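Read off the chains here:
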Amino acid sequence: MQETESIRVGICGLGTVGGGTLELLRANRLEISDRLGKEVVVSHVATRTLKPELTQDIATIGTDPLAVASDPNVDILVETIGGCDIAFELIATALAKGKQVVTANKALIAERGNELFVLAEKHRVNLAFESSVGGGIPVIRALREGLAANEIQWLAGIINGTGNFILTEMAEKQREFSEVLKQAQKLGYAEADPAFDVEGIDAAHKLTIMASIVFGIPLQFDKVYMEGISHITPHDISYADELGYCIKHLGIAQRSERGMELRVHPTLLSRSRLLASVNGVGNAVLVNGNRVGSTLYYGPGAGAEATASSVVADIIDIARQQAAGAVEPVCPALGYRNYSNKLPVLTIEDIESEYYLRIPAMDRLGVMARISSVLQSQSINIEAVIQKESSSKNVPIVILTHKVKERNLNQALATLEALEEVTGSITRIRVESFHSGTA
Ligand code: HSE
């Protein structure tokens, strides 16, 4: 990046995040130039849909993002197109041309970041991605810099705003899943394909990125166990409530002597946890370091302004590094240089958890005894049971178990579902079990 009077930014993609970034740079122009001692000017925009109301003062407007990547008058390229195809080519081209890059693209970083960071390192430029996780919360900086002195034991986060918004509305207002999803889309929280939000893909992308930073491992999206919220019913929310829990979609990265766990799934969370009060589009990441203990990062996890706040923070950071004559080195494990001897990532069958089970069963003599005996055969200890009176012949039996290996639970559930008295498939939700004494 050459030494110029101002920092010249090219934004590729003027959707929610790109448009928000342009507006934020305009609205906080004086504040930002005061901080930097230089102006940040959006000189180029590439957009499929022209938005004259947004771009009236931009010098170069076009439809080809690769032209922005190749333009010598662009210092920092901001990629807000999304997806993995054009965005990959665009970023790879910009890095190869020696441009600094800022991206909000969690899918791209999680799935192809290993290749891109090698390129960034080769060309001695930055590929900054704060906005890829947690919207406006500076969680990437907290993990990489603020907690750098610690060995991280585990982290657990509410990292999809749309999913959290849906679960909160379902719990508080007994609204239908599909109706709340439509509202989240209108508010600009949801991904272009909302399956990314409700099936856990978006959270898995974000967890992949955080796990790579805190454990010093390559980005391994394909190893993350993924489960979404689309099968959660208002009944489950209400039974969980009766047992003292709420249901949150969590991303969990945890290390033990046996290996590392990378998983995203709905989770019963004790209502006494701080995370349990993170509602709506809010995101929060709880991180346990071996020296500092637990720290919690909370804020708006989605939406134009929040995400733009992190994009612009990256622009400012890069401009500052450039002014100081340094470019932070990046590498595939996002902060570690030696990750060859790390533990393996465990499969979901190898994890241990407590479980919430909702078993649809016939209301007949001996049912509870049969269910208990199947659970006992797999050494599954029951912690709590709810069985309501029912006017129909079918009753849901809700059970909380003590800790058990998921493989054993699967065997027990297969045996239970084959019983004549069990009338449908069993719902299973993992129960949080972070160390006691944490937020
Ligand atoms: N769809 C994402 C969410 C946007 O709801 O969290 C922010 O990454």
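Located above this text is the structure these notes cover.
A quick note: this is a predicted structure, and the numbers were derived from the prediction, not measured. (Residues numbered from 1 in each chain as written. Predicted model: local features only at pLDDT ≥ 70, side-chain atom pairs only at ≥ 80, totals over all residues. Heavy atoms only, no water.)

## As for the site of the ligand
And step 1. Every residue lining the ligand is accounted for by Lys106, Asn160, Gly161, Thr162, Tyr189, Ala190, Glu191, Asp197, Asp202, Lys206, Gly301 and Ala302.
And step 2. Separating a nitrogen atom of the ligand from a side-chain N or O atom of aspartate 197 is a distance of 2.7 Å.
And step 3. Contact distances for the ligand include 2.8 Å between an oxygen atom and a side-chain N or O atom of lysine 206.
And step 4. Computed on the free molecule, the ligand has an accessible area of 250 Å², of which 92% lies beneath the protein chains in the complex.
And step 5. Those elements that provide at least two residues to the shell around the ligand are helix H8 (161-173) and helix H11 (201-215).
And step 6. Here the residues of the shell around the ligand sort into 3 nonpolar, 4 polar and 5 charged. (Near = heavy atom within 4 Å. Polar contact = N/O pair within 3.5 Å; in protein donor to acceptor, adjacent residues only side chain to side chain. Areas by Shrake-Rupley, 256 points an atom, 1.4 Å probe, with all protein chains shown as cover. Helix = DSSP H or I, 4+ residues; strand = E, 2+ residues; numbered from the N terminus. Nonpolar A, V, L, I, M, F, W, Y, C, P; charged D, E, K, R; others polar.)

## Digging into the environment of glycine 259
And step 1. Residue position: glycine 259 is located in the loop between strand E9 (245-255) and strand E10 (260-270).
And step 2. On the basis of relative accessibility, which here comes to 0%, the residue glycine 259 falls in the buried class.
And step 3. Apart from residues no more than four positions distant in its own chain, glycine 259 is found in contact with Gln254, Leu343, Pro344 and Leu346. (Buried < 20%, exposed > 50% of the residue type's maximum accessible area, 1.4 Å probe, protein only. Contact = heavy atoms within 4.5 Å.)

## Section: the side chain of serine 132
And step 1. With respect to the helices, strands and loops of the structure, serine 132 is situated in the loop between strand E6 (127-128) and helix H7 (139-146).
And step 2. If sequence neighbours within four positions are ignored, serine 132 has contacts with Ala104, Asn105, Lys106, Lys206 and Ile209.

## A word on the nonpolar core
And step 1. Counting 56 residues, the largest nonpolar core has Leu127, Leu143, Leu155 and Ile209 as the members making the most contacts within it.
And step 2. For this core, the leading source of residues is H11, giving 9 residues.
And step 3. Within the second largest apolar cluster, 27 residues are counted, among which are Val9, Ile32, Val45 and Ile316. (Core = buried A, V, L, I, M, F, W, Y, C linked by side-chain atoms within 4.5 Å.)

## Describing the pattern of salt bridges
And step 1. Scanning the entire structure with this criterion turns up 26 salt bridges.
And step 2. With its nearest N and O atoms 2.9 Å apart, the salt bridge here joins lysine 106 to glutamate 191. Within this pair, whereas lysine 106 is found in helix H6 (residues 106-122), its partner glutamate 191 is found in the loop between helix H9 (177-186) and helix H10 (195-198), the two being separated by 85 residues in sequence.
And step 3. Salt-bridge contacts for aspartate 317 lead to arginine 141; the nearest nitrogen and oxygen are separated by 3.2 Å. In this pair, aspartate 317 sits in helix H13 (residues 304-323) while arginine 141 sits in helix H7, placing the two residues 176 residues apart along the sequence.
And step 4. Overall, the relative accessible area of 22% leaves aspartate 317 in the partly exposed class.
And step 5. Linked by salt bridges that have partners in common, Lys106, Glu191, Asp202 and Lys206 make up one network. (Salt bridge = Lys/Arg side-chain N within 4 Å of Asp/Glu carboxyl O.)

## Topic: the pairing of E10
And step 1. Burial runs high along E10: 11 of the 11 residues are buried.
And step 2. Hairpin connection, E9 to E10: the antiparallel pair is bridged by 4 residues, and glycine 259 has positive phi, about 160 degrees.
And step 3. Where E10 lies against strand E17 (residues 427-431), 2 bridges are found, and the strand directions are parallel. Bridge pairing links leucine 268 to valine 431 in E17. (Pairing = 2+ DSSP bridges.)

## Observations concerning the environment of valine 385
And step 1. For valine 385, the position within the fold is in strand E14 (residues 382-387).
And step 2. For valine 385, a relative accessible area of 39% puts it in the partly exposed group.
And step 3. Separated by 194 residues in sequence, valine 385 and glutamate 191 place their C-alpha atoms 38 Å apart.
And step 4. When residues no more than four places from it in sequence are discounted, the contact partners of valine 385 are Met368, Ile397, Val398 and Ile399.

## A closer look at helix H2 (residues 29-36)
And step 1. Looking only at H2, the buried set comprises Ile32, Ser33 and Leu36. Viewed along the axis of H2, the buried residues span an arc of 95 degrees, placing them on a single side of the element. Relative to its buried face, H2 has exposed residues pointing more than 90 degrees away, namely Leu30 and Asp34.
And step 2. On the buried face of H2, the contacting elements are helix H1 (16-27), strand E2 (39-46) and H13.
And step 3. Glycine 37, located one to two residues past H2, shows a positive phi value of around 75 degrees. (Arc of directions from axis to C-beta.)

## Some remarks on the packing of helix H5 (residues 86-96) against H6
And step 1. The geometry of H5 relative to H6 is characterised by a closest axis approach of 10 Å and an angle of 20 degrees between their N-to-C directions. Here H5 is positioned roughly parallel relative to H6, judged by the angle of their axes. The chirality of how H5 crosses H6 is right-handed. On H6, the residues touching Ala87, Phe88, Ile91, Ala92 and Leu95 of H5 are Leu108, Arg112, Glu115, Leu116, Leu119 and Ala120. (Axes fitted to C-alpha atoms, helices over the stretch in contact; angles between N-to-C directions. Parallel < 35°, antiparallel > 145°, perpendicular 65-115°, else oblique. Left-handed = near helix turned anticlockwise from the far one by under 90°.)

## Considerations on the packing of H1 against H13
Between two packed helices, both the angle of their axes relative to each other and the distance between the axes serve to describe the pair.
And step 1. Taken N-terminus to C-terminus, the directions of H1 and H13 make an angle of 65 degrees; their axes are 8 Å apart at the nearest point. Between H1 and H13, the angle is such that the two are roughly perpendicular. The two elements H1 and H13 cross, and the hand of that crossing is right-handed. From H1, Thr16, Val17, Gly20, Thr21, Leu24 and Leu25 reach across to H13, where they touch Ala304, Glu305, Thr307, Ala308, Ser309, Val311, Val312 and Ile315.
And step 2. Of the residues in the contact of H1 with H13, the class split is 8 nonpolar, 5 polar and 1 charged.

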